[in-house]
Every structure is written in structure tokens, then in C-alpha cells.
Amino acid sequence: MKKIVDFTIVARRQFGEHYFGWTLKSPETLEPIKAGQFVEVEVRDCNDVMLRRPISIHDFDLQAGTMDLLIQIVGKGTRKLATLKEGDKVNVIYPLGNGFAVSGKNPLLVGGGAGIAPLLGLAKAYKAQGVNPTILLGGRTEQLIPAREAFVGYSTLAFATEDGSLGEKGLVTQHTVFGQTYDHIATCGPTPMMKAVAKSAHERNIPCEVSLENMMACGVGACLCCVTDTDDGHKCVCKDGPVFNSEKILSFKS
Ligand SMILES: Cc1cc2nc3c(=O)[nH]c(=O)nc-3n(C[C@H](O)[C@H](O)[C@H](O)COP(=O)(O)OP(=O)(O)OC[C@H]3O[C@@H](n4cnc5c(N)ncnc54)[C@H](O)[C@@H]3O)c2cc1C
Ligand code: FES
């Protein structure tokens, strides 16, 4: 069930100048969460930011009642959120969207930039099923692949950076591990990256799920501002997604 809750920031971490992370503690028992679902965070005391901001659930611990978010500072809303400190309250609507399928016995998870956020929960969900996914994280530079130590111990971990500062130099689709054999691919990140990953997956007949990051307002399927065209008609990314079978998205076919 969706809830609106005042969480408390119990830990705040800074990852270079562009990213920060929160551990949020709920005052009540957490609703069940699926990897790939997201929250809508209210930006308080910021006159020119009316709408909540959609942010993926990076990690969660139902027993501890905590949820982690990983946030890239890109504009006025995220800049304001970055000023909040441990002990501050954050109003959040959660859990939103459908989440990833935890599918396959030999999956590849590909993340780029802030798109690595939902992949930690997914890696843990696989591990809980006894499956060890390969994780490939990319960014322009080492600084733009935040919080990567969280993935250590959960998976086979590989990096691709455009300047070669971490892992192999180049795009994720050029990385050695990308071309290996998998039975499922899940990806989240910049649209051109996801399109390239999905194209290769289609060519290799590997099922591929993509997590779209369309502009959003209500986050619950009411305003239709996040619609994407699919084989099955117009779909709200916030309610029907954000995770879709890449072969169904019309803009991924061109
Ligand atoms: C389902 C989903 C999950 C996301 N998960 C994460 C995450 O885990 N971590 C993270 O750092 N970012 C995530 N994003 C992107 C994040 O929502 C935007 O970066 C954020 O809303 C920007 O707000 P702003 O006020 O700082 O930027 P603005 O000043 O409003 O705009 C700066 C740029 O951010 C983008 N943007 C602005 N508003 C939205 C919006 N409502 N939806 C999508 N993009 C927007 C625009 O392209 C714009 O160019 C996610 C987006 C979606 C849809
Ligand atoms: S954000 Fe309003 S319908 Fe998706």
C-alpha cells in the first residue's frame, strides 16, 4: 500500500561533489518494497520547487525500518535536498512503481550514473535467491560512479569509465563482461546507454528490462505527464513502470 510518511534522516553520506546518500528511518513498520520501486520526495521550503522529486529506492531493511536513497545533485530540488542534515525529517510517498523482475540464473545488471541506485536492491534480491549477478557500472569518470563499495561482496563487479579512471576505458557496452553470455539483463541509467544495452540484448535474444526516468509530477498515474508509448499503448512510467520490457517500448525500437 502507498503511504505518505515523515522519515528521519539517520545517516547522510557525501560521494564527491555530485552525489549524496541518505538512510531514512520510518516511524512505523515499512511497507513491503520491491527492488526498482521508487519514492516521491517532498522538497520543503523551496518556493520554486512545487513538485515532489522521484528517487529510486537504493536499499532497504524492512526489519530495521530503513530505506537508503542515492541522489545526484542536478538542479534546484536536489540542491535543496542536499542541504538537509542527519535528524531532519523528509516527507516521502512510497513505495511507487512496479519494480524489477528477479529473473534468470545468470543475470547482468548494468547501471550508469544515478541509475546505479536501484541496482543494489536488485543485486540483494538475486542474492537472496542464491543467484550471483554480474554488475557492470559505468560513468564518465570514477567520481561519477558513486557508492560503488556497497556492491562489493554482492556480485561480480566491473566498471567502465570514459576516461579510464576506473575499470576498463570506454562505454559499458564496450566492456569485456558486457559481451559474455547472460539469460537476463536489467539496466538503469541515461537513455542512450539503456538503448544501447537493450539493442545488444535484442540482438543476442536476451530478455532485457529497463528502468525509465521520465519527467514526473504526481507519481501515481493521475496527471499522465510521464507517459511512454509501448506495444500495449500509452503507459504511465510512474504507475505501469518505471521498469519495462525493453522490446515493448516504441522509442527503443528506432
Ligand atoms: C523513477 C525515477 C527514479 C529516479 N531515481 C533517481 C535516483 O535514485 N537518484 C537520482 O539522483 N535521481 C533519480 N531520478 C532523477 C531525479 O528524479 C531528477 O534528477 C530530479 O527530479 C531532479 O530534480 P531537480 O529539482 O534537482 O532538477 P531540476 O532543476 O528540476 O531539473 C534538472 C534536470 O533534472 C531532470 N528532472 C527534473 N525534474 C524531474 C522529474 N520530476 N523527473 C525526472 N527528471 C527530472 C530534468 O531533465 C532537468 O534537466 C529518478 C527519476 C525517476 C523518474
Ligand atoms: S507522474 Fe503523473 S501520471 Fe505519472
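In what follows, the structure referred to is the one given above.
Fair warning: this is a prediction, and the values are worked out from it, not measured in the lab.

**Details of the site of ligand 1**
Near ligand 1 lie 21 residues; those nearest to it are Ser-56, Gly-75, Gly-77, Thr-78 and Ala-117. Elements with a contribution of two residues or more to the shell around ligand 1: β4 (53–56), β6 (66–72) and α1 (76–81). Residue composition of the shell around ligand 1, grouped by class: 12 nonpolar, six polar and three charged.

**Some words on the sheet that holds strand β12 (residues 184–188)**
Spatially, the seven strands line up as an open sheet ordered β11-β10-β9-β8-β12-β13-β16, and their pairing is mixed. Sheet topology places β11 (168–169) and β16 (243–245) at the edges, where each strand pairs with a single neighbour. With four bridges connecting them, β12 and strand β13 (residues 208–211) associate as parallel partners. Looking across to β13, one finds that Thr-187 is bridged to Val-210.

**Thoughts on helix α3 (residues 191–203)**
Taking 1.5 Å of rise per residue, 13 residues should cover 18 Å, and α3 covers 18 Å from first to last C-alpha, within 8% of that figure. Among the structural elements, β8 (107–112), β9 (134–139), β12 and β13 are those in contact with the buried residues of α3. Just downstream of α3, Asn-205 is the residue with a positive phi angle, here 60 degrees.

**Comments concerning the sheet that holds strand β3 (residues 38–41)**
Strand order in the open sheet formed by seven strands is β4-β3-β7-β1-β2-β6-β5, with antiparallel pairing between adjacent strands. On the outer flanks of this sheet lie β4 and β5 (59–61), each paired with one strand and no other. Each strand axis lies, on average, 35 degrees off the axis of its neighbour in the sheet, ignoring direction. Alignment of β5 against β6, held across three bridges, turns out to be antiparallel. Along β6, the bridge assignment pairs Phe-60 with Met-67.

About the criteria used
Here the residue index of a chain counts from 1 through its sequence in written order. Working convention: letters from A go to chains and numbers from 1 go to ligands, in the order in which they are written. Totals for whole chains, interfaces and linings use every residue, but because this is a predicted model, local features are given only for residues with pLDDT of at least 70 and side-chain atom pairs only at 80 or more, for both listing and counting. Using a C-beta atom placed from the backbone, a residue is described as near a molecule or strand when that atom lies within 6 Å of it. For helices the rule is a DSSP run of H or I covering at least 4 residues; for strands it is a run of E covering at least 2, with both sets numbered from the N terminus onward. Each residue receives one of three labels: charged for Asp, Glu, Lys and Arg, nonpolar for Ala, Val, Leu, Ile, Met, Phe, Trp, Tyr, Cys and Pro, and polar for the others, Gly being one of them. The pairing criterion is simple: DSSP has to find at least two bridges between the two strands. Here a helix's expected span is defined as the number of its residues, less one, multiplied by 1.5 Å. Placing a C-beta atom from the backbone of each residue, one calls two residues in contact when those atoms lie within 7 Å. To define axes, lines are fitted to C-alpha atoms, for helices over the stretch in contact only, and angles between the resulting N-to-C directions are given on a 0 to 180 degree scale.

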